[in-house]
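# Chain and residue survey
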Amino acid sequence: MRDVLYDLAGRVANGETVGVGTVVATFSSAPRPAGAAMLVTQDGEAVGSVSGGCVEGAVYDLAQSLDSPVLQRYGVSDDDAFAVGLTCGGIIDIYVEKISAETFPQLAEVVETVRAEEPVAVATVIEHPDGIGRRMVVWPDRRDGSLGSARIDDAVADDARGMLASGRSGVLQYGPDGQRRGEGMSVFVNSFEPPPRMLVFGAIDFAAAMARLGAFLGYRVTVCDARPVFATRSRFPEADEVVVAWPHKYLQAEASKLDERTVIAVLTHDPKFDVPLLEVALRLKVGYVGAMGSRRTHEDRLQRLREAGLTESELGALASPIGLDLGARTPEETAVSIAAEIISLRWKGSGRRLVDLGEPIHH
């Protein structure tokens, strides 16, 4: 939804009613995650994607014709999947509704929160005996709207905040009046957490390529270097910020703002920069710490870090030499190698060629 949120808000602000299909659950090899969305505008334009092209046509037709919200499943069997274009054989549940200023009065405030890079979640009833479509917006410290009763609102707000804290979107199950051990009501929680951070240390050509790729992957990218002649906005236009500071001091100052989605790429391969930096980085609870350098550089770096007091467990979190073995040569190819390693670790992929695997593509 983040990909189409601003477009949706602009159209609604202009008085338009927009059809919206949102992926709320996926099974097997469905191609898009929960939260992916497609808009169908009043003039017939399609914006976004719910399946990478598989069932867009069916969702497009439904979004144009429906009068009330509906939860639709695509791909119950391979035959059904082929009938609507879901040839991968996966299963996706898509919630389709019409959104206007009347049906979603909090939309503008949600957009303002997302623009400010602050967390917010939108909880929508997608299954209930008395009808679907009720919506509540949940911030860390308040909420707006109601899903039907105070009991439901309290239960969902509490659970939604937990999902928001971990950056997860998905379906929650309750009894019709919010009973936690019941069933009959399904609520989709769409989390809009701030984008994950990518910290790139070392203002070199490899860092410029990494900043471009990091921005493409949805990270908020910071490039940091102690040398002002190299750490300039003109050299790193794709980065969200370029910081001139000693890397380890900057990382210490930012430590409280980082989380387990944060990735750190140390591309300095200079002991006076990377050893004190890694001494800080490897003691943080972040998702990835990688460092560039040859195997000889790596062994020297490990020895210096041991002398600085790091444990073998802490050193085991270091990805060095950085990246996957792609045979990369150029800065751009190296950035792809590093990004591939980050993605592989995040989703527990093997990093091997899919053609050589006999197991399911999606774990």
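Because the structure is predicted, anything quoted here is derived from the model rather than measured.

Here we take up the nonpolar core. Formed by 27 residues in total, the largest nonpolar core has its most connected members in Met 198, Val 200, Met 210, Val 221 and Leu 267. Residue assignment for this core shows that the elements contributing at least two residues are strand 11 (197-201), helix 6 (205-216), strand 12 (220-225), strand 14 (263-266) and helix 11 (331-347). At six residues, helix 6 tops the list of elements feeding residues into this core. Aside from chain neighbours lying at most four places away, what touches Val 221 is Met 198, Val 200, Ala 211, Gly 214, Ala 215, Ala 239, Asp 240 and Glu 241.

Strand order across the open sheet formed by six strands is 13-12-11-14-15-16, with parallel pairing between neighbours. Taken across any chain shown, the strands that pair with only one partner, and hence form the sheet edges, are strand 13 (241-244) and strand 16 (318-319). Bridging between strand 12 and strand 13 involves four bridges; their strand directions are parallel. By the bridge assignment for strand 13, Val 223 is matched with Val 242. Each of strand 11, strand 14, strand 15 (288-291) and strand 16 touches helix 8 (residues 271-281); the most contacted strand, strand 14, lies at about 165 degrees to it.

The next thing to look at is unusual backbone geometry. Ser 320 connects to Pro 321 through a cis peptide bond whose omega is -5 degrees. Mapped onto the fold, Pro 321 is located in the loop between strand 16 and helix 11. Even without glycine at this site, Glu 117 takes up a positive phi of about 55 degrees. Along the chain, Glu 117 turns up in the loop between helix 4 (107-115) and strand 6 (120-127). For Lys 348, which is not glycine, the phi torsion reads 60 degrees and is therefore positive.

Moving on: the UniProt feature "domain: XdhC Rossmann" (unreviewed entry) in the protein. The sites that UniProt annotates as "domain: XdhC Rossmann" (unreviewed entry) are residues 198-342. Annotated as residues 198-342, this span is 41% helix and 17% strand, and its ends, taken at the C-alpha atoms, are 11 Å apart.

Let's shift gears to the side chain of Arg 135. By the secondary structure assignment, Arg 135 is in strand 7 (residues 135-138). Owing to a relative accessible area of 9%, Arg 135 belongs among the buried residues under this scheme. A polar atom in the side chain of Arg 135 sits 3.2 Å from the side chain of Glu 97. One polar contact links the side chain of Arg 135 to the main-chain carbonyl oxygen of Thr 103, over a distance of 3.3 Å. With sequence-adjacent residues up to four places away left out, Arg 135 is seen in contact with Glu 97, Ile 99, Thr 103, Phe 104, Val 122, Ala 123, Thr 124, Asp 144, Gly 145, Ser 146 and Leu 147.

As for its placement among the helices and strands, Thr 22 is situated in strand 1 (residues 18-27). On a C-alpha basis, the gap between Thr 22 and Asn 190 in space is 9.6 Å, while along the polypeptide they are 168 residues apart. Excluding its chain neighbours within four sequence positions, the residues that come into contact with Thr 22 are Met 1, Gly 35, Ala 36, Ala 37, Asp 93, Ile 94, Tyr 95, Phe 188 and Asn 190.

With that settled, consider the side chain of Glu 56. Following the sequence through the fold, Glu 56 ends up in helix 2 (residues 56-65). Overall, the relative accessible area of 12% leaves Glu 56 in the buried class. A polar contact is formed between the side chain of Glu 56 and the side chain of Ser 49, at a distance of 2.5 Å. With residues up to four places along the chain from it excluded, the contact list for Glu 56 reads Met 38, Ser 49, Val 50 and Ser 51.

Of the pockets and cavities examined, the second largest pocket occupies roughly 360 Å³. Ala 165, Glu 193, Pro 194, Asp 259 and Arg 261 are, among the 20 residues lining the second largest pocket, the residues nearest its centre. Among the elements that make up the lining of the second largest pocket, the one with the highest residue count is helix 5 (residues 150-166) (four residues). When grouped by side-chain class, the residues that make up the lining of the second largest pocket number eight nonpolar, three polar and nine charged.

Overall, the coordinates contain 24 salt bridges when judged by the stated rule. Where Glu 314 meets Arg 283, a salt bridge forms, and the shortest distance between an N and an O atom there is 3.8 Å. With Glu 314 in helix 10 (residues 312-315) and Arg 283 in the loop between helix 8 and strand 15, the pair connects residues that are 31 residues apart, well separated along the chain. Overall, Glu 314 belongs to the partly exposed group, its relative accessible area being 21%. The class of Arg 283 is partly exposed, set by a relative accessible area of 41%. If you follow the salt bridges from partner to partner, you end up with Glu 117, Arg 197, Arg 220, Glu 241, Glu 254 and Lys 257 in one network.

The rules we used
The written sequence of each chain sets the order in which its residues are numbered from 1. Per-residue local features of the predicted model are confined to residues with pLDDT of at least 70, and side-chain atom pairs are confined, for both listing and counting, to 80 or more; whole-chain, interface and lining totals are unaffected and use all residues. Note: side-chain values were computed over all heavy atoms of the structure, leaving out hydrogens and water. Residues belong to a common nonpolar core when they are buried Ala, Val, Leu, Ile, Met, Phe, Trp, Tyr or Cys residues joined through side-chain atoms within 4.5 Å. The cut-offs for exposure are 20% and 50% of the maximum accessible area for each residue type, with area from a 1.4 Å probe on protein chains only; residues under the lower value are buried, those over the upper are exposed, and the others partly exposed. Numbering of helices and strands runs from the N terminus; a helix is a DSSP stretch of H or I covering at least four residues, while a strand is a stretch of E covering at least two. In what follows, a contact means two residues having at least one pair of non-hydrogen atoms within 4.5 Å. The criterion for strand pairing is that DSSP finds at least two bridges linking the strands in question. Under this scheme, a helix contributes an axis fitted over its contacting stretch, all axes are lines through C-alpha atoms, and angles between N-to-C directions fall in the 0 to 180 degree range. UniProt positions are given in the numbering used here, feature names are shortened, and annotations may be inferred rather than shown by experiment. Two N or O atoms count as a polar contact when they lie within 3.5 Å, although within protein this holds only if one can serve as hydrogen donor and the other as acceptor, and sequence-adjacent residues are included solely when both atoms are side-chain atoms. Only protein atoms enter the calculation, which uses a 1 Å grid: trapped sets of points that fit a 1.4 Å probe without letting it out are cavities, open sets showing protein on both sides within 12 Å along at least five of seven lines are pockets, and any residue with an atom within 4 Å of a point is a lining residue. Grid points are joined across faces, edges and corners, and a volume is the space filled by probe spheres set on the points. Residues were grouped as follows: Ala, Val, Leu, Ile, Met, Phe, Trp, Tyr, Cys and Pro as nonpolar; Asp, Glu, Lys and Arg as charged; and all remaining residues, including Gly, as polar. In the sections that follow, a salt bridge refers to a side-chain nitrogen of Lys or Arg positioned within 4 Å of a carboxyl oxygen of Asp or Glu.

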